[in-house]
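# Chain and residue survey
One letter stands for each residue in the lines below.
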Amino acid sequence: MFEGLHDIDWASMEHAYGPAHEVPELLLALRSTDREERHKALSRFYSAVHHQGAVVPCTTASLPFLFELAGDPTAPERAAIVELLVSIGRVAVEECEEEYADLVDFAGAAVVVRERAETFVAFAADADHHVRRAAIPGLGLFLDDADRAGAVLRDRLSAEAGLVERLLIVEAMGTLGLRLPASADEVMAWFAGLAADSTLDPGIRLAAVVQQARCAPEQVGEDVVPTAIGLLRQMAHGAAAYPALRNSPGQATSGGSAAGAPPQVVAAFEDLDRQGRVHAPTTELLRTFHEALATRVPQRTALLTEQLVSPDPGSRLDAIRMSQELMTSWRGDHTWLITLVARQLRTSEHEVAAEAAAVIDACHPIAESARELLAAYVAAYGPDMWTAPQQQLRRAYQNAVRALARLSDVRAVPSLLAALECGVDDWRAVEVAGALKEASQELVPRLCDHVRRIDHAQQRLEMSAGSLLSALAALDDQTALPLIIDTLGAAVRHDQWSITCSALKALAAFGPAAAPALPAIRSLTTASDAHVRHAAVGALWAVSGDQEEVMPLLHDLLGSSVFFWKTLAADVLGEIGPPATAGLPRLRELLTDNYEWVRVHGAAALWEIGGEAEARVVLDTLLQAWGQNPATANHVVACLDRMGPAAAPALPRLRSELTRPRRGGRFASIDNDEELQRISRAIVERLA
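This section reports on the structure supplied with the text. Treat the numbers as computed from the prediction; the structure is a model and nothing was measured. (Residues numbered from 1 in each chain as written. Predicted model: local features only at pLDDT ≥ 70, side-chain atom pairs only at ≥ 80, totals over all residues. Heavy atoms only, no water.)

### Digging into the nonpolar core
Leu27, Leu66, Leu443 and Leu447 are the most contacted members of the largest nonpolar core, which has 197 residues in total. Tallying contributions element by element places helix α4 (residues 78-95) first for this core, with 11 residues. If near-sequence neighbours (up to four positions away) are discounted, Leu443 is found in contact with Leu416, Leu417, Leu420, Ala433, Leu436 and Leu475. Counting 49 residues, the second largest nonpolar core, distinct from the first, contains Ala633, Met643, Leu654 and Val684. (Core = buried A, V, L, I, M, F, W, Y, C linked by side-chain atoms within 4.5 Å. Buried < 20%, exposed > 50% of the residue type's maximum accessible area, 1.4 Å probe, protein only. Helix = DSSP H or I, 4+ residues; strand = E, 2+ residues; numbered from the N terminus. Contact = heavy atoms within 4.5 Å.)

As structure tokens, then:
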């Protein structure tokens, strides 16, 4: 087996982490009798040789050996190898027509999988249903004879008994229709026949409806979603025929990569792992349906409403995640959907409740309708539940407390205090404490205790320190100032520049009240670390308000090549306003900068200092930057808001923004987008 493996010059090729000399050992380990060795090799293969879907020469060179391994009936876990082959092949055939640098080899890999397309036909008929499940997508991806592929898929649907496999067959036919347009009419006719056949399993009929929408989204009529909802109800009545999937097959998750990391990082890996899980056989099908429906938010909400009342907890769990995807990606009135998600807190399934609370937390800018349901859930268990021994119950309770805190609801305070006292997952409480300014007298002393316990000699605590200082700044209790000043000094002594920046930003938030820190702040305005210098100059202005002291520093920053120095200098000059006219020539130079973010900050400052005389050039700069980079929208609109009537020429662009269905603004995040919409509407109403 693996003849010629060592004849290949693997060391002359590279994978994601350097020379590919380890590939032969990985391939040999994939057929090991030791399960752990196989799993480690598979994980390493995905991360290095097929890194984030990459296909490079060593990936292509591996393919013949992977095919050999997958075709060996005595090889362990053949399904995982077939799935790997499909993953590599899918990317290869989708990208092979594009031109890339020599570092990738989509075209070469595509040739290999297409030449061996009949192998997938054999795999799709294998005695092992796991192998069949892994291979079926390849029938739609790699067979270039549309008639042959269609015939194979139709035969497989008749022969296959497993629901998951049958759903995959229908999906593969959709892939075929999209990949080979000449087959589209025949494929759509087949789907129509399946959807109309009342003798078929409703899951298969639903799959046909969804694949029709996937292949021709422009043809989706008003009856499509009601039809799908009706089929979902039929499936619910026969729920026993639809077994739950507790996890998705495939490559190992990457949670192990977080070993020894700070708890926040571990939690992030765990969240990533959860996002990759599938708990119902129809989940991927319904995700495809939502993608096809795209901007049809009311119809998608109606579909999710049905999904969220499923008798199967796994289906509801997956529907909660789809609800988050809709609400965070698309605009609309999501009040009803948030309420439905919040009602999942009433379930006895703690994993479902945990995910529901997490989604409300993520969508907190639009989650007002969930407030009372969150409060009732938190009150029903009480603060002691923060440390519940049952992992899912603990996560559900903590997520609910965090979501309630994000709404600035003081009913979350007892639980946060308990978390800060006991030290269990206290970082999760710290992250939301700043939203509860009304409870600052109770929270600040506990947060300060945590700050005092920071060991500045340990690099891994930087993230916790930053969250603590940010929370203290948000709570705006001046009793914390002496400790923040002490923390700044300790961070500087230990070269903890991240904590230094956090402390400087916290002091800036307190403004003139932080005057005792001015000597320390001044000493850092010439720091060698770019981020520290940036934060120090900003803090100096916020705390001292001394224009004469800060202007020379700003002049130096404006002439630098570091973009965030230039944007900070522009922002501070804008805050100084008309007295900073000496900075106008340099600000006008920023309007020709290659980076649109620099131009936006420069234009905003130009307006604050020059006013009406600069209106035309400011507007032109802002609107051009917005068109070039939609992420600048929040900054642009904030400046337009301050410009008053002078912003009238921007009304068409603002109206256009408000008609967009997708969320926008910085990072296209829900909080930035909601703010963008709010200010845009206010400007339009004021100026229209």
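### Considerations on empty space enclosed by the protein
What the rule picks out here adds up to four cavities of 30 Å³ or more. In this structure, the largest cavity occupies an estimated 60 Å³ of space. Broken down by secondary-structure element, the contributors of at least two residues to the lining of the largest cavity are α2 (35-49) and α4. No other element matches α2, which puts three residues into the lining of the largest cavity. (1 Å grid on protein atoms, 1.4 Å probe; cavity = no way out; pocket = protein on both sides within 12 Å on 5 of 7 lines; lining within 4 Å. Points joined across faces, edges and corners; volume = space filled by probe spheres on them.)

### Some thoughts on the layout of surface pockets
Counted as a void, the second largest pocket has a volume near 580 Å³. Around the second largest pocket, the lining is made up of 23 residues, and of these Ala267, Asp271, Arg274, Arg395 and Arg428 lie nearest the centre. Secondary-structure elements contributing two or more residues to the lining of the second largest pocket are α13 (263-275), α18 (350-362), α20 (391-406) and α22 (426-433). Of the residues forming the lining of the second largest pocket, the biggest block, eight residues, is contributed by α13. A breakdown of the residues in the lining of the second largest pocket according to their chemical character gives seven nonpolar, five polar and 11 charged. (Nonpolar A, V, L, I, M, F, W, Y, C, P; charged D, E, K, R; others polar.)

### Some words on unusual backbone geometry
With a phi close to 60 degrees, Asp476 is a non-glycine residue in the positive phi region. Tracing the sequence through the fold places Asp476 in the loop between α24 (462-475) and α25 (481-493).

### A few points about the packing of α25 against helix α26 (residues 497-510)
Relative to each other, α25 and α26 sit at 155 degrees, their axes nearing to 8 Å. By the angle between their directions, the pair α25 and α26 is classed as roughly antiparallel. Along this stretch, α25 crosses α26, giving a crossing that reads as left-handed. Along its contact with α25, which presents Leu481, Ile484, Ile485, Thr487, Leu488, Ala491 and Val492, the element α26 presents Trp497, Ile499, Thr500, Ala503, Leu504, Ala506, Leu507 and Phe510. Grouping the constituent residues of the contact of α25 with α26 by class yields 13 nonpolar, two polar and no charged. (Axes fitted to C-alpha atoms, helices over the stretch in contact; angles between N-to-C directions. Parallel < 35°, antiparallel > 145°, perpendicular 65-115°, else oblique. Left-handed = near helix turned anticlockwise from the far one by under 90°.)

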